[in-house]
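Descriptive analysis of the structure
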Amino acid sequence: MALLDEIKTVISKELDEFEVHFRQSTKSSVPLLDKITYYLIKRRGKQLRPMLVFLSAGIHGKINESTYRAASLIELLHTATLVHDDVVDDAYRRRGFFSINALWKNKIAVLVGDYLLSRGLLLAINNKDFSLLEQVSTAVKKMSEGELLQIEKTRKLDISEEEYFEIIRCKTASLVAACCACGAISAGLSADKVDTMWNIGEKLGIAFQIKDDMLDYSADDIGKPTGADIKEKKMSLPLIYALQQASYVEKKQIIYAIKNHSKKTETIDKVFNFVKAKGGLEYANKKMVEYRESSRAILKELPDSEYKRSFESLINFVTERKN
Ligand code: IPE
Ligand code: IPE
Ligand code: MG
Ligand code: MG
């Protein structure tokens, strides 16, 4: 995590203060809820989204109270969606430890997710941060659409590259774009500058999710289960590409194995080897780099500052990360 720590130095004071802010915004007088939110905070993730909010505000303006609220709002909603996502994906591990559904079961995880979501919305409403609220609510709407589109496609085991990009644009890139837009809004920037930041974030978010999908094929510990996409019959870019390269018979065999035996280790190994043999990971990597570069190209046009340099390193981190 050395690279990430280095990127954080420019905004280290802000991130420390953010932590206090964030804890405050999850506190509850219901003991079970407070215990779970405490657990969530202790196992916090990379915090890429709050970083994007602070850096986007710093790039052209001044980080202020509403920037902190934007960062908390986004991290609250991000955490809520991860808690729900692990229910949806039946995943028992998150951030190197047990997921909420693994420890407390689905019922509780669904309610905790709802609680975090509502705390985020209230934080914005109580401070009349309506533009932030609009950005983030639009992103959450997109996320739900993306997740549902994914389920629809998963059931049919039939997904084109174009549909894959539509799914990840909705389920992941929309919130990353909102981070950059909200940072800019909190600094009081004009609508066209907010749009520019949003575009940088959307491209970055797509690169981020392609990387995430490549990590599912990793042999290392990434802090959450690997091979999980195959188990859940989710087709991501490496597999979509590999299937495009395959003969009719090969394709039929792979689809059959996923359809009927997706949870078997043999199937996962078979799909891993198939994807590797067909160059699926190289292709995904190529696409990821394309999106990363288009994000970087827009950023390049902005005035130079330590925030911008740190933002650039964060863009690199997203495509080089190991978890
Ligand atoms: C995970 O996001 C969810 C996806 C959109 C793939 P992160 O990898 O940023 O999650 P944390 O917050 O660091 O755990
Ligand atoms: C990420 O989706 C969660 C959302 C964007 C809602 P995934 O299911 O692909 O991500 P991980 O791998 O569980 O983090
Ligand atoms: Mg999911
Ligand atoms: Mg998941």
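Residues numbered from 1 in each chain as written. Chains lettered and ligands numbered in written order. Predicted model: local features only at pLDDT ≥ 70, side-chain atom pairs only at ≥ 80, totals over all residues. Heavy atoms only, no water.

1. Observations regarding the packing of helix H4 (residues 48-60) against helix H8 (residues 161-186)
Rules: Angular values range over 0 to 180 degrees, each being the angle between N-to-C directions of two axes fitted as lines to C-alpha atoms, with helices fitted over their stretch in contact. Strands are runs of DSSP state E lasting at least two residues, helices are runs of H or I lasting at least four, and both sets are numbered from the N terminus onward. A clockwise turn of the near helix away from the far one marks a right-handed crossing, whereas an anticlockwise turn of less than a right angle marks a left-handed crossing. Any two residues whose heavy atoms approach within 4.5 Å at even a single point are treated as in contact. Put simply, Ala, Val, Leu, Ile, Met, Phe, Trp, Tyr, Cys and Pro go in the nonpolar bin, Asp, Glu, Lys and Arg in the charged bin, and everything else, Gly too, in the polar bin.
Across the interface, H4 lies against H8 with an axial gap of 7 Å and an inter-helix angle of 35 degrees. In this structure, H4 crosses over H8, and the sense of that crossing is right-handed. For the pair formed by H4 and H8, the contact residues are Arg49, Leu52, Val53, Ser56 and Ala57 on the first element and Leu175, Val176, Cys179, Cys180, Gly183, Ala184 and Ser186 on the second. Of the residues that constitute the contact of H4 with H8, the class distribution is eight nonpolar, three polar and one charged.

2. As for a nonpolar patch on the surface
In plain terms, the rule: Note that patches include only residues with greater than 30% relative accessible area and no salt bridge, and the join distances are 9 Å for like charges and 5 Å for nonpolar side chains (Val, Leu, Ile, Met, Phe, Trp, Tyr). Surface exposure here means Shrake-Rupley accessible area, sampled with a 1.4 Å probe, where a residue is shielded only by the protein chains that are shown. A carboxyl oxygen of Asp or Glu within 4 Å of a side-chain nitrogen of Lys or Arg is what we treat as a salt bridge.
Taken together, the side chains of Val88, Leu148 and Ile151 define a hydrophobic patch exposed on the protein surface, amounting to about 250 Å² of accessible area. Mapping Val88 onto the fold places it in helix H5 (residues 65-88).

3. Remarks on the coordination of the magnesium ion (ligand 3)
Note the following rule: With water excluded from the atoms, a metal site may look incomplete; its donors are any N, O or S atoms within 2.8 Å, or within 3.2 Å for Na, K and Ca. Burial classes: relative accessible area under 20% of the type maximum marks a residue as buried, over 50% as exposed, and values in between as partly exposed (1.4 Å probe, protein chains only).
Surrounding the magnesium ion (ligand 3) are the protein donor atoms Asp85 (OD) and Asp89 (OD), which sit 2.1 to 2.3 Å from the metal. Taken as an interatomic distance, the gap from the magnesium ion (ligand 3) to the magnesium ion (ligand 4) is 3.2 Å; Asp85 donates to each of them. For Asp89, a relative accessible area of 14% gives the class buried.

4. Digging into the environment of Ile63
Positionally, Ile63 belongs in the loop between H4 and H5. When the C-alpha atoms of Ile63 and Ala284 are compared, they prove to be 36 Å apart, with 221 residues separating the residues in sequence.

5. A look at the packing of aromatic side chains
To keep things clear, this is the line we draw: Classification of ring pairs rests on two measures: the distance between centres of Phe, Tyr or Trp rings, Trp counted by its six-membered ring, which must be within 6.5 Å, and the angle between planes, read as stacked under 30 degrees, edge-to-face over 60 and tilted in between.
Applying the stated rule across the entire model yields 10 aromatic pairs. A centroid spacing of 6.3 Å and a plane angle of 80 degrees characterise the contact between Phe18 and Phe54, whose relative ring orientation is edge-to-face. With Phe18 in helix H2 (residues 12-24) and Phe54 in helix H4, this pair connects stretches of sequence that are 36 residues apart. For Phe54, a relative accessible area of 0% corresponds to the buried category. Ring plane angle 65 degrees and centroid distance 5.2 Å describe the contact between Phe54 and Tyr68, whose orientation is recorded as edge-to-face.

6. Quick word on the pattern of salt bridges
Pairing is possible between side chains that carry opposite charge, provided their charged atoms lie close to one another. What the rule picks out here adds up to 21 salt bridges. In this structure, Arg69 engages Asp129 in a salt bridge whose closest nitrogen and oxygen atoms are separated by 2.6 Å. Note that Arg69 is positioned in helix H5 and Asp129 in the loop between helix H6 (100-126) and helix H7 (130-156), a separation of 60 residues in sequence. Neither Arg69 nor Asp129 differs from the other in exposure class; each is buried. The residue Arg321 makes a salt bridge to Asp212 at a minimum N-O spacing of 3.5 Å. Of the two residues, Arg321 is situated in the segment after helix H15 (306-320) and Asp212 in helix H9 (residues 191-215); the sequence distance between them amounts to 109 residues. Assigned by exposure class, Arg321 and Asp212 land together as buried. Each of the salt bridges in this network shares a partner with another, and the network as a whole consists of Asp85, Asp86 and Arg94.

So yeah, pure geometry; function would need other evidence.
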